[in-house]
Amino acid sequence: MIGRRPAMFGWNGPKIWRDRKDLQPCQAILDEDLAKTEFTARIIDGKLIAEEIRQEIAEEIMRLKSQTNGKVLGLAVVLVGSYKDSETYVRSKKKACKEVGIISLEENLPVDSSEEEVLNIVRKFNDDPSVHGILVQLPLPKHMNEERVFAAISVEKDVDGFHPLNIGKLAMQGRTPPFVPCTPRGCIELLLRSNVEIKGKRVVVIGRSNIVGTPAAMLLQRNQATVTIVHSYTPNPTEITCEVDIVIAAVGVAHLVRGDWIKPGAVVIDVGINPIEDPSAKKGYRLVGDVCFKEGAMKASAITPIPAGVGPMTIAMLLRNTLDSAKRAYGLLD
Ligand SMILES: Nc1nc(=O)c2c([nH]1)NC[C@@H]1CN(c3ccc(C(=O)N[C@@H](CCC(=O)O)C(=O)O)cc3)C=[N+]21
């Protein structure tokens, strides 16, 4: 395992999962050539669906600009330190912004910056009317308190949906949070746009992180699903997962979810992005999901791939949230 990211928000779930003796991640680390694999599952093309959404957003932004005499839309990205992964994500976010007509501002701080310096940047963007969304890239260096940093972001500009007030509203019946976290929202959007019914279905979310598992479970519940969260302390997780219609895997352990976890005909959304060594790859590693794709695709009726699954949807939802924020700021959305 290389390039492992530091655990976000301190659950440290993946270690506990990996230490479990009763679960065996798929040992055939590299999925075999898919062309040679026989499976019946439909591949949910997240890249294509995200492209459609970005197109819709670009058109809406053009209309918005004509309605507001060319007012700008802005997204500010704050990057502290330089994790290799983070830089890649930030680059693709900037590119996506440019394509749809959102101005992206970037603030790079050295890894040894103080929390106060980060808070000052956040406050500066809070006060800037040309900024409609503020994203502080995770993970933050260990000496910073993520909750304090996220709480400092203006609720009206919290396009990540990580502000405690947004999370609180997401958890409450009858409240509508102004922003829903991008990755969970992307999962729901993938299901809806692939004509997978959520209402009345049983869903398992594997993983309970603050940024994916927990908000995904709340969001699914809001969409009238019956939701079970399976986590690293759940005994016999397969007994639960193999009974449900939809499985959302957000664990961060490569190939943990095997074929026998999946009910035949279920729909599988794989949120994991795990680097594993691959000497044949140019970079020496490649990305795989939490689901052993080959095995999952032989059981599921539909499954998301890595890459080109949930990842591109996260970015599309970030643009969506930024557009919603600008519309609200210009009084065009309640
Ligand atoms: N405040 C904050 N907000 C985030 O939304 C956030 C964050 N911090 N920290 C890191 C994670 C990760 N993340 C991804 C976004 C897009 C892809 C993506 O588009 N991936 C492509 C390309 C993968 C590749 O080949 O490199 C794909 O899956 O097809 C992946 C991962 C956002 N995150």
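Note that the structure is predicted; figures quoted are calculated from it, not measured.

What counts and what doesn't
- Residues numbered from 1 in each chain as written.
- Predicted model: local features only at pLDDT ≥ 70, side-chain atom pairs only at ≥ 80, totals over all residues.
- Helix = DSSP H or I, 4+ residues; strand = E, 2+ residues; numbered from the N terminus.
- Rg over C-alpha atoms; globule rule 2.2 N^0.38 Å.
- Buried ≥ 20, exposed ≤ 12 C-beta atoms within 10 Å, placed from the backbone.
- Axes fitted to C-alpha atoms, helices over the stretch in contact; angles between N-to-C directions.
- Parallel < 35°, antiparallel > 145°, perpendicular 65-115°, else oblique.
- Left-handed = near helix turned anticlockwise from the far one by under 90°.
- Contact = placed C-beta atoms within 7 Å.
- Pairing = 2+ DSSP bridges.
- Nonpolar A, V, L, I, M, F, W, Y, C, P; charged D, E, K, R; others polar.
- Domains from an automatic or database assignment.
- Near = placed C-beta within 6 Å.
- pLDDT = per-residue confidence, 0-100.
- UniProt positions renumbered as here; feature names shortened; annotations may be inferred.
- Expected span 1.5 Å × (residues − 1).

**Q** An account of the overall build of the chain is needed here, citing residue identities and associated values.
**A** For the chain, the helix and strand inventory stands at eleven helices and eleven strands. Taken over C-alpha atoms, the radius of gyration comes to 20 Å for the chain, in line with the 20 Å a tight globule of 334 residues would show. Among the 334 residues that make up the chain, the fraction classed as buried is 44%.

**Q** Residue-level account of the packing of helix H2 (residues 46–67) against helix H11 (residues 310–329), with values.
**A** Where H2 meets H11, the axes come as close as 8 Å, and the angle between the chain directions of the two elements is 15°. On the basis of their axis angle, the class for H2 and H11 is roughly parallel. As for the relative orientation of H2 and H11, their crossing is left-handed in sense. Taken together, the residues of H11 that come into contact with H2 (itself represented by Gly46, Lys47, Ile49, Ala50, Ile53, Arg54, Ile57, Glu60, Ile61 and Leu64) are Val310, Gly311, Pro312, Met313, Ile315, Ala316, Leu319, Arg320, Leu323, Ala326 and Lys327.

**Q** With reference to specific residues and values, describe the sheet that holds strand S11 (residues 302–303).
**A** Judged by pairing direction, the sheet is parallel, and its six strands sit side by side in the order S1-S11-S8-S7-S5-S6 without closing on themselves. Of all strands in the sheet, those bounded by a partner on one side alone are strand S1 (42–43) and strand S6 (226–230). Across four bridges, strand S5 (residues 202–206) lies against strand S7 (residues 246–249) in parallel orientation. Paired with isoleucine 206 across the bridge in S7 is alanine 249.

**Q** If you had to explain the packing of helix H7 (residues 182–193) against helix H8 (residues 213–222) to someone new, which residues and values would you point to?
**A** A pair of packed helices can be characterised by two numbers: the angle between their axes and the separation between those axes. Interaxial distance between H7 and H8 falls to 8 Å at its minimum, and their mutual angle equals 40°. Classed by the angle they form, the pair H7 and H8 counts as oblique. Crossing hand, H7 versus H8: right-handed. Contacts between H7 and H8 involve Pro184, Arg185, Cys187 and Ile188 from the first element and Pro215, Ala216 and Leu219 from the second. Here the residues of the contact of H7 with H8 are counted per class, giving six nonpolar, no polar and one charged.

**Q** Describe the domain arrangement of the chain, with residues and values.
**A** According to the domain assignment, the chain contains domain 1 (15–44 + 194–311) and domain 2 (70–156). Computed over C-alpha atoms only, the centres of domain 1 and domain 2 are separated by 29 Å.

**Q** Explain the site of the ligand residue by residue, including any values.
**A** In the region of the ligand, 19 residues are neighbours, and Leu138, Pro307, Ala308, Gly311 and Thr314 sit closest. The biggest single contributor to the shell around the ligand is H11, with four residues. In the shell around the ligand, the residues fall into twelve nonpolar, six polar and one charged. Counting residues domain by domain, the shell around the ligand receives three or more from each of domain 1 (15–44 + 194–311) and domain 2 (70–156).

**Q** Residue-level account of the confidence of the model for the chain, with values.
**A** Considering every residue of the chain, the mean pLDDT works out to 92; 93% of them sit at 70 or more. In the predicted structure, residues 1–11 sits below a pLDDT of 50 and forms 22 contacts with residues beyond four places in sequence or in another chain. Reported confidence for the predicted complex is 0.97 by ipTM and 0.94 by pTM.

**Q** Quick one: what's the story with H8, residue by residue and with numbers?
**A** One turn of an α-helix holds 3.6 residues; hence residues three or four places apart share an orientation. Counting buried residues along H8, eight of its ten residues qualify, which places the element largely inside the surrounding structure. Among all positions of H8, only Gly213, Thr214, Pro215, Ala216, Ala217, Met218, Leu219 and Leu220 are buried. Along its buried surface, H8 packs onto helix H6 (164–171), H7, S5, S6 and S7. Immediately downstream of H8, the backbone of glutamine 224 shows phi near 70°, a positive value.

**Q** Provide a residue-level description of the UniProt feature "domain: Tetrahydrofolate dehydrogenase/cyclohydrolase catalytic" (unreviewed entry) in the chain, including the pertinent values.
**A** If you check UniProt for "domain: Tetrahydrofolate dehydrogenase/cyclohydrolase catalytic" (unreviewed entry), the listed places come out as residues 44–160 in our numbering. Within residues 44–160, the helical portion is 50% and the strand portion 15%, while the C-alpha atoms at the span's ends are 24 Å from each other.

**Q** So what about the sheet that holds strand S3 (residues 103–109)? Which residues, and what values?
**A** Strand pairing in a sheet is mediated by backbone hydrogen bonds. Such pairs are either parallel or antiparallel. Reading across the sheet, the three strands line up as S3-S2-S4 and stay open at both edges, with parallel pairing between neighbours. In this open sheet, the two strands that pair with only one neighbour each are S3 and strand S4 (133–136). For this sheet the average axis-to-axis angle between neighbouring strands, irrespective of direction, equals 15°. Contacts from helix H4 (residues 115–126) reach strand S2 (74–80), S3 and S4, with the element oriented near 175° to S2.

**Q** Just give me the short version of H11, but keep the residues and values in it.
**A** For H11, with 20 residues, the first-to-last C-alpha span of 29 Å sits near the 28 Å given by 1.5 Å per residue. The buried fraction of H11 amounts to 17 of the 20 residues, a majority that puts the element mostly inside the structure. Once H11 ends, the next one or two residues include glycine 331, with phi positive near 75°.

**Q** Break down unusual backbone geometry for me, with residues and values.
**A** Negative phi is the rule for most residues except glycine; trans is the rule for most peptide bonds. Of note, the bond from leucine 138 into proline 139 is cis; its omega dihedral lies within 30 degrees of zero at 0°. Tracing the backbone through its elements, the reader meets proline 139 in the loop between S4 and helix H5 (146–152). Residue proline 307 follows isoleucine 306 across a cis peptide bond; omega there is -10°. Backbone geometry places glutamine 224, a non-glycine residue, at a positive phi of 70°. Relative to the helices and strands, glutamine 224 is located in the loop between H8 and S6. In this structure glutamine 224 comes out as exposed when scored by C-beta crowding, with 11 C-beta atoms within 10 Å.

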